[in-house]
Structure formats: C-alpha cells, structure tokens
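One letter stands for each residue in the lines below.
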Amino acid sequence: MSTRGITLLILVVFLFGQLNAQKNKRSVDSLLLSQLTIDMQWFLAHKVGKIGGDDFNEFTLKRGYVNIKKGISEKLSGRITTDLTVDQEGDGKGDIEIRLKYLYLEYRLNSFLFFHQPHFEFGLVHRPWIDFEQSVNDYRVQGQMFLERNDMINSADFGVVFMSLLGGELDKAYQKNINDDFPGKYGSFSLGVFNGGGYHALENNTNKTLESRLTLRPLYRIMPGLQFTYHGAVGRGNTEAEPHWHYQSAYLSMETVYSVFTLEGYNGKGNYKGTAIQDTISHNAVPQSGYSVFAEGKFFNSKISLIGRYDDYISYYDTGNLRTQRFITGVAYHFSRGSKIIVDYERIRYRDNLASDDYFFELALELRF
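Quick summary incoming for the structure in this document. Since we're looking at a predicted model, the values are computed, not measured.

## Topic: the overall build of the protein chain
Each helix and strand in the protein chain was counted, giving four helices and 16 strands. Counting the 369 residues in the protein chain, one finds 42% classified as buried. Put simply, of all contacts in the protein chain between residues at least 6 apart along the chain, 55% involve residues at least 24 apart. In the form shown here, the protein chain has an accessible surface area of approximately 19,500 Å², with 61% of it arising from carbon and sulfur atoms. With 40 positive and 42 negative side-chain charges, the protein chain shows a separation of 8 Å between the mean positions of the two kinds.

## Describing the pattern of salt bridges
A full pass over the atoms with the stated rule returns 20 salt bridges. Among the ionic pairs, Arg63 bridges to Asp83, the shortest N-O distance being 3.3 Å. Placement of the pair is Arg63 in strand β2 (residues 54-71) and Asp83 in strand β3 (residues 76-86), with a sequence separation of 20 residues. Summarising the burial analysis for this pair, Arg63 and Asp83 share the class buried. For Arg309, the salt bridge goes to Asp311, with nearest N and O atoms at 2.8 Å. One exposure class covers both Arg309 and Asp311, and it is buried. Among the charged side chains, a salt-bridge network with shared partners connects Arg63, Asp83, Glu97 and Arg99.

## Looking at the pairing of strand β15 (residues 340-350)
Pairing analysis gives 11 bridges linking strand β14 (residues 320-334) to β15, with the strands arranged antiparallel. When the bridges of β15 are listed, Ile328 appears paired with Glu346. Taken together, β14 and the strand that follows it, β15, pair antiparallel across an intervening segment of five residues, in which Arg337 is found at a positive phi of about 55°. Two elements, β15 and strand β16 (residues 358-368), share nine bridges in a ladder whose sense is antiparallel. Within β16, the position partnered with Lys340 by the bridge is Glu366.

## Let's talk about the nonpolar core
Considering soluble globular proteins, one finds that nonpolar side chains tend to be buried as a cluster. In terms of nonpolar packing, the biggest core is built from 28 residues, with Trp129, Leu147, Met152, Ile153 and Tyr247 touching the most fellow members. Sorting the residues of this core by element identifies β1 (36-51), α2 (128-136), α3 (146-149), β10 (244-255), β11 (259-269) and β13 (304-317) as the ones contributing at least two each. Looking at this core, the element that brings in the most residues is α2, giving four residues. Tyr247 has contacts with Trp129, Leu147, Met152, Ile153, Glu211, His231, Gly232, Ala233, Tyr266, Asn267 and Gly268, leaving out every residue within four places of it along the chain. Residues Tyr102, Val125, Val161 and Met163 belong to the second largest nonpolar core, which totals nine residues.

## Some details on the pairing of strand β12 (residues 287-299)
Sheet topology places β11 next to β12; 11 bridges connect them, and they run antiparallel. Residue pairing for β12: Glu264 is matched across the bridge by Ser292. One ladder, built from 12 bridges, connects β12 with β13; its direction is antiparallel. By the bridge assignment, Ala295 is partnered in β13 with Gly308. Linking β12 to β13, which pair antiparallel, is a turn of four residues; within it Phe300 sits at a positive phi near 55°.

## Points about unusual backbone geometry
We note that Phe182 has phi near 50°; this positive angle belongs to a residue other than glycine. Note that Phe182 resides in the loop between α4 (172-177) and β7 (187-194). Look at Asn301: it is not a glycine, yet its phi comes out positive at around 55°. Topologically, Asn301 is positioned in the loop between β12 and β13. According to the relative accessible area criterion, Asn301 is exposed, its value standing at 78%.

## Focus on the environment of Thr37
Checked against the element boundaries, Thr37 lands in strand β1. As for Thr37 and Lys69, which are separated by 32 residues in sequence, their C-alpha atoms are 5.3 Å apart. Those residues in contact with Thr37, other than ones at most four positions away along the chain, are Asn67, Ile68 and Lys69.

## Looking at the side chain of Gln278
Along the chain, the position of Gln278 falls in the loop between β11 and β12. With a relative accessible area of 17%, Gln278 lands in the buried category. In terms of polar contacts, Gln278 uses its side chain to reach the backbone carbonyl oxygen of Tyr316, at 3.3 Å. Not counting residues up to four positions away in its chain, the partners in contact with Gln278 are Asn284, Ala285, Val286, Pro287, Tyr316, Tyr317 and Asp318.

What counts, and where the lines are drawn
- Residues numbered from 1 in each chain as written.
- Predicted model: local features only at pLDDT ≥ 70, side-chain atom pairs only at ≥ 80, totals over all residues.
- Heavy atoms only, no water.
- Helix = DSSP H or I, 4+ residues; strand = E, 2+ residues; numbered from the N terminus.
- Buried < 20%, exposed > 50% of the residue type's maximum accessible area, 1.4 Å probe, protein only.
- Contact = heavy atoms within 4.5 Å.
- Areas by Shrake-Rupley, 256 points an atom, 1.4 Å probe, with all protein chains shown as cover.
- Lys, Arg positive; Asp, Glu negative; His and termini not counted.
- Charge placed at Lys NZ, Arg CZ, Asp CG, Glu CD.
- Salt bridge = Lys/Arg side-chain N within 4 Å of Asp/Glu carboxyl O.
- Pairing = 2+ DSSP bridges.
- Core = buried A, V, L, I, M, F, W, Y, C linked by side-chain atoms within 4.5 Å.
- Polar contact = N/O pair within 3.5 Å; in protein donor to acceptor, adjacent residues only side chain to side chain.

Here it is as structure tokens:
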C-alpha cells in the first residue's frame, strides 16, 4: 500500500474513532443525566430585636439546601441534600458550614393491599413527623415547627424508614390547587428506626429510636383537606446516661384553596437529645406537654397570605414548671414555584422564670428554584 493510501487509512480510522468516541460520550452523558434532578431552596433574612436581654440587628443565612436526586433503576433511586447554615459554636463560630441533611437510597415497592406507592429509605433519611408537618405549614422559612423548636424531635436521622400513601391518590385538581404532598386518598403512613440523635449529632449510645406517624383522611370525597394524625416516638436520649424519652401527639389539619388551619396537642417525657432531665445525678426525664395552633388566610389568587401561630409548651421540673409561650404573626407574598417573601413578628414569653421576653421583627426570603 502506498504512503498516500496508508495516510488515508489512518485518517479514516482516526475520524471513525472520534465519531464513535463522541457518540459514546453522548451516550454516557445521556445515561448520567437521565432521571437526574437538581433543585435549591434558600432562606435569607434580616432580623432585628432582642434575645436573652441583648439587642441584635443582622442579615443572616437561615438555611441553604441543594437537593440532587438520581434514578438508578425502575425501583431504585438516590438523594443527597446539603444543608448550609451559620456555625453557632466552637472554633468555627460565624463560619458558613456545609453539612448533609439527607443522603439515602430509596427503594420503591409495587402497591399492595391498602398501601399505595410504598417505599423504603435507607441512610440519612426523613423522620416521619417534621417532613409531613412542613408540607401543611409551609413556613419553615420563618422558623422551626412546634416540637422541633422545643428540642423534642429532629427532622432527619441515620436509619431506615418505610412510607406509603393509603388507598390510592386524590384527584389532580386537589393536588394542583391545594396540596400535592402526601396525597393519599385515605391518608398516609410512616414508620422508622433511627440512631436517635438527629442528622447533626454523633451517636453517643447504642440505643435506637422508633418513630411513627399515621394520618387519616376520613372525608376525602367532600372534605379532602381534612386530616387527623397521630404520631409519636420512643427511645433513649442521645447521651451516655441514656435517659428514657417518649412522646405522643394528635394533630388536626384542614386545607382549602383559601386557608390552612392546624391544631396540635402534645404530651411526653424527656427529649431525643437527652437534655430534658431533672438533674445530672438521677438523669430522670422531665414530663412535658403543650399545644400549637397555626392559621393561614390566602388572598388575591393565593399571592398574599396572612399567618398566625401560637405555641404553649410546659416542662414539669421538680423545682417548678417552666412555661414558654410563642406568638407569631406575619404577611407573605408568594411568587414562582413556592418562593415567598415574608414580614413577621415573633415574641417568646417565659412565664415561670425571671427571663425577659425575647422578640424580633424579620424580613425573610425563601427562594425555590
């Protein structure tokens, strides 16, 4: 073969190889990007008020979430969620720190019996209650929910959880106009076993915590937004002393196009951190009780909302009761994909000790994209 022929052959082989490599690269890229979703949720705020007797006035990052979800097969998928926040303690106090909120594998089962879209999460997963409550009260940007604010439970943890809708799904109109989270026709269910210390704590003992939630929608044909929920947990606090803790709570929620209303009653003993104890000698858990009311009114095609919330929480120490009352009110403007701007006022009253009230005004921005 002549030199010219050899050169031409090499050129053809090279070009074919490049085309094939590009094709394979496109195939790999297509495979990697298929069933891949990335979304973000940021909570930014300016707050001014008084906490612990000290005045403050600051711009802050309350939270920053980056969610990455990837389908692996027809039934298997994975999720990782980073949690950006301001470090409040230690040598890095004041730094912006990144930690993980979720990192789990999800395995979806076929629907069976009364269970619709049942699935397991394994790893750093949702705990049963907070995720559900925040699907009804969509104002996490303002602050934590009732029980989490009082250090009773946490929203995520290392463990395994089983979740399912009950009896199929509500119609698409309800999901589009009111709420498409947990749209079980008869309710939803969640049961899990966890380390117990929450997603930002080391495991300090060998105990595991059991937590569950059962939500029923009794009148889905005529009042689909009406739900009754029972949830609770039992375990030992996340300390070497392992104080026993448990709680149970009943929750009523009603959602319509124009309003949201919730009422929760709580009774328990101790907390998941192991810090709600009578003293450091006996490590006996402190009995606690309380209730929370939340209401939202929606106006102008749900662009404007007025919100109000009241929490009442009592801890029964041997030396006397500690009662905390929290008052929240605000107005929100809603825009793209659940994003919102909220102006709110919060006041915390400590009724059974000498501490002065805490209070602040806040301008908060939640971005979802």
